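# Structural overview for review
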Amino acid sequence: AQSVTQLGSHVSVSEGALVLLRCNYSSSVPPYLFWYVQYPNQGLQLLLKYTSAATLVKGINGFEAEFKKSETSFHLTKPSAHMSDAAEYFCAVSQARGYQKVTFGTGTKLQVIP
Amino acid sequence: DAGVIQSPRHEVTEMGQEVTLRCKPISGHNSLFWYRQTMMRGLELLIYFNNNVPIDDSGMPEDRFSAKMPNASFSTLKIQPSEPRDSAVYFCASSPQYSGNQPQHFGDGTRLSIL
């Protein structure tokens, strides 16, 4: 069994401020973890993924996430928000063994205030 | 490279009509997924194909929904008869392999409105 919890359905930050989007997961086996971004009227796009290599994962557009097994977390960060970062962000988990079904979180909408 | 292509982008139809959504996955991708996204339920997996074979259709809401993948480059999701509660954005996604570490590549979706 696997699940993902994203804390905060809406997050607002000022332009230039730190972005922190929270994700906690539950998995009975070693997980694979993903962050996706969705812009209005578009599908989800992969930002980054963790697949059991380095625990600090760098993605596109300056985002990164750190896998912390002890905290079962995979929070997404970016040092300095840009207006173009305004979008909805989804954390997702799948399992390292067997069936590839991916479980998505409920999403966090990021608002960037100029 | 072309991404996942979905058609139509928008569909408005009356309750009771048949609706067919279409998807062309990325060439060479072996896995294909249909999702539904609504404000209330978020992103729901409806059905998953691997090598054109349905692997998991436990997310299909009811018998009014059906999906086919006649070949590696085409899939359809059909709703018959349609109901207003089927209004949602429907996404198709594909991935290279049947493996948990493969990311999914999403199309831009079909926004379906049932009146």
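If you're wondering where the values come from, they're calculated on a predicted model, not measured in any experiment.

## Observations concerning the sheet that holds strand β3 (residues 19-24) of chain B
Residues and elements named next belong to chain B. The sheet built from four strands is open, its strands ordered β1-β3-β8-β7 with antiparallel pairing. A strand with exactly one partner marks an edge of an open sheet, and here the two such strands are β1 (5-7) and β7 (65-71). Going from strand to strand, the sheet's axes swing by 15° on average, the running direction of each strand aside. One ladder, built from five bridges, connects β7 with strand β8 (residues 74-79); its direction is antiparallel. Within β8, the residue paired with Ser66 across the bridge is Lys78.

## Here we look at the sheet that holds strand β8 (residues 73-78) of chain A
All names here are of chain A. With antiparallel pairing, five strands are arranged side by side in an open sheet as β1-β3-β8-β7-β6. Of all the strands in the sheet, just β1 (2-7) and β6 (56-58) have a single pairing partner and so form its edges. Here the average twist between neighbouring strands, direction ignored, is 20°. For strand β7 (residues 64-68) and β8, the ladder comprises five bridges, and the chain directions are antiparallel.

## Quick look at the interface of chain B and chain A
At the junction of the two partners, chain B supplies 24 residues and chain A supplies 20 residues. Carbon and sulfur atoms supply 53% of the area that chain B and chain A bury against each other, a total of about 1,800 Å² over both sides. Applying the counting criterion to the chain B and chain A interface returns zero salt bridges. The tally of links between chain B and chain A comes to six residue pairs in polar contact (both at pLDDT 80 or more). Put simply, the parts of the chain that give the side of chain B that touches chain A at least two residues each are β4 (31-38), β5 (42-50), β6 (53-56) and β9 (88-95) of chain B. Among the elements that make up the side of chain B that touches chain A, the one with the highest residue count is β4(B) (four residues).

About the criteria used
Residues numbered from 1 in each chain as written. Chains lettered and ligands numbered in written order. Predicted model: local features only at pLDDT ≥ 70, side-chain atom pairs only at ≥ 80, totals over all residues. Heavy atoms only, no water. Pairing = 2+ DSSP bridges. Helix = DSSP H or I, 4+ residues; strand = E, 2+ residues; numbered from the N terminus. Axes fitted to C-alpha atoms, helices over the stretch in contact; angles between N-to-C directions. Contact = heavy atoms within 4.5 Å. Buried area = accessible area lost by both parts, 1.4 Å probe. Salt bridge = Lys/Arg side-chain N within 4 Å of Asp/Glu carboxyl O. Polar contact = N/O pair within 3.5 Å; in protein donor to acceptor, adjacent residues only side chain to side chain.

Without other data, these values stay purely geometric and don't point to any function.
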